[in-house]
Amino acid sequence: MCIHLGLPMHVDRRLWGEITRYAAKWRGTDVAVKILRGSLSHAQLESAAAEIIRELNTMRRVGNHRHIVSLLGICHLQFPARLAIVTDFMHRGSLLDVLKGKTGEPPAHVDVVRIAAEVAAGISHLHREGVVHRDLAARNVLVDKHYSARVGDFGYACADARLGGVGSVHCGGGSRVS
């Protein structure tokens, strides 16, 4: 997989380190690439790897859906050793940035209503697949150049979820989220 990275678009700071997001080209298609910082301690790397593997497994589990950010590939970069996750590139960025007008023209009212329906369709798909997102926010909904939305960022998602009483979910290993 040959990827031509552009300039960094965004840096996420997590408890265990940083993920840098890039706009890139792969096979003539615009893609987004998340790269885990290469200079982590052994403990930070283990924690980060566990979180990334959980997120990748969730993305693989939910499969392709037009309102879910698609996992296109993963690759191991050398010198220094890093993991790269390749996903759809959403030209307008997060819904939060779109609504604040940071990415150009604010969307028309009709686009906002459609975006809400698309987010609901994406979340409905996740629930049919037994996944609860657990961090649904405008910053985790990505918008393309045509104002079409996709739900992304599955770092806190709970797979193998079973609905409990009103407002509670039982996650895989017996943990309960209310």
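Rules used throughout
Residues numbered from 1 in each chain as written. Predicted model: local features only at pLDDT ≥ 70, side-chain atom pairs only at ≥ 80, totals over all residues. Heavy atoms only, no water. Helix = DSSP H or I, 4+ residues; strand = E, 2+ residues; numbered from the N terminus. Contact = heavy atoms within 4.5 Å. Areas by Shrake-Rupley, 256 points an atom, 1.4 Å probe, with all protein chains shown as cover. Salt bridge = Lys/Arg side-chain N within 4 Å of Asp/Glu carboxyl O. Buried < 20%, exposed > 50% of the residue type's maximum accessible area, 1.4 Å probe, protein only. Pairing = 2+ DSSP bridges. Axes fitted to C-alpha atoms, helices over the stretch in contact; angles between N-to-C directions. Expected span 1.5 Å × (residues − 1). Arc of directions from axis to C-beta.

Visitor: Before we move on, can you summarise the overall build of the protein with the specific residues and values?
Guide: When helices and strands are tallied, the protein shows three helices and 11 strands. For the protein, the α and β elements follow one another from N to C terminus as β-β-β-α-β-β-β-α-α-β-β-β-β-β. Contacts spanning at least 24 positions in sequence make up 52% of the contacts within the protein whose residues lie at least 6 apart. Of the roughly 10,000 Å² of accessible surface on the protein, 57% is carried by carbon and sulfur atoms.

Visitor: Explain the pattern of salt bridges to me, using residue names and the numbers behind them.
Guide: Taken as a whole and assessed by the stated rule, the structure comprises six salt bridges. Here Glu-55 and Lys-34 are joined by a salt bridge, their closest N and O atoms 3.1 Å apart. Of this pair, Glu-55 sits in helix 1 (residues 42-62) while Lys-34 is found in strand 3 (residues 29-36), placing the two residues 21 residues apart along the sequence. Of the two residues, Glu-55 and Lys-34, both sit in the buried class. For the salt bridge of Arg-150 with Asp-88, the shortest nitrogen-to-oxygen distance reads 2.4 Å. Within this pair, whereas Arg-150 is found in strand 8 (residues 149-151), its partner Asp-88 is found in strand 5 (residues 82-88), the two being separated by 62 residues in sequence. Taking the relative accessible area as the measure of exposure, Asp-88 reaches 15% and is therefore buried. When salt bridges that share partners are traced, they join Asp-111, Arg-114 and Glu-118 into one network.

Visitor: Hey, could you go over the sheet that holds strand 8 for me, with residue numbers and the actual values?
Guide: What the three strands build is an open sheet, ordered 6-7-8; its pairing is antiparallel. Bordering the open sheet on either side are strand 6 (93-94) and strand 8, each of which pairs with just one other strand. The pairing of strand 7 (residues 141-143) with strand 8 spans three bridges and is antiparallel. Paired with Val-143 across the strands is Ala-149, a residue of strand 8. Against the sheet, helix 3 (residues 109-128) touches strand 7 and strand 8, its axis set at about 30° to strand 8.

Visitor: Can you explain helix 3? Please cite residues and give values.
Guide: Between its first and last C-alpha atoms helix 3 spans 29 Å; for 20 residues at 1.5 Å apiece the expected length is 28 Å, and the two agree. Looking only at helix 3, the buried set comprises Asp-111, Ile-115, Glu-118, Val-119, Gly-122, Ile-123, His-125 and Leu-126. With its buried residues spanning 155° around the axis, helix 3 presents them on a single face. Of the exposed residues in helix 3, the ones pointing more than 90 degrees away from its buried face are His-109, Val-110 and Arg-128. One or two steps after helix 3, the chain reaches Gly-130, where phi turns positive at roughly 80°.

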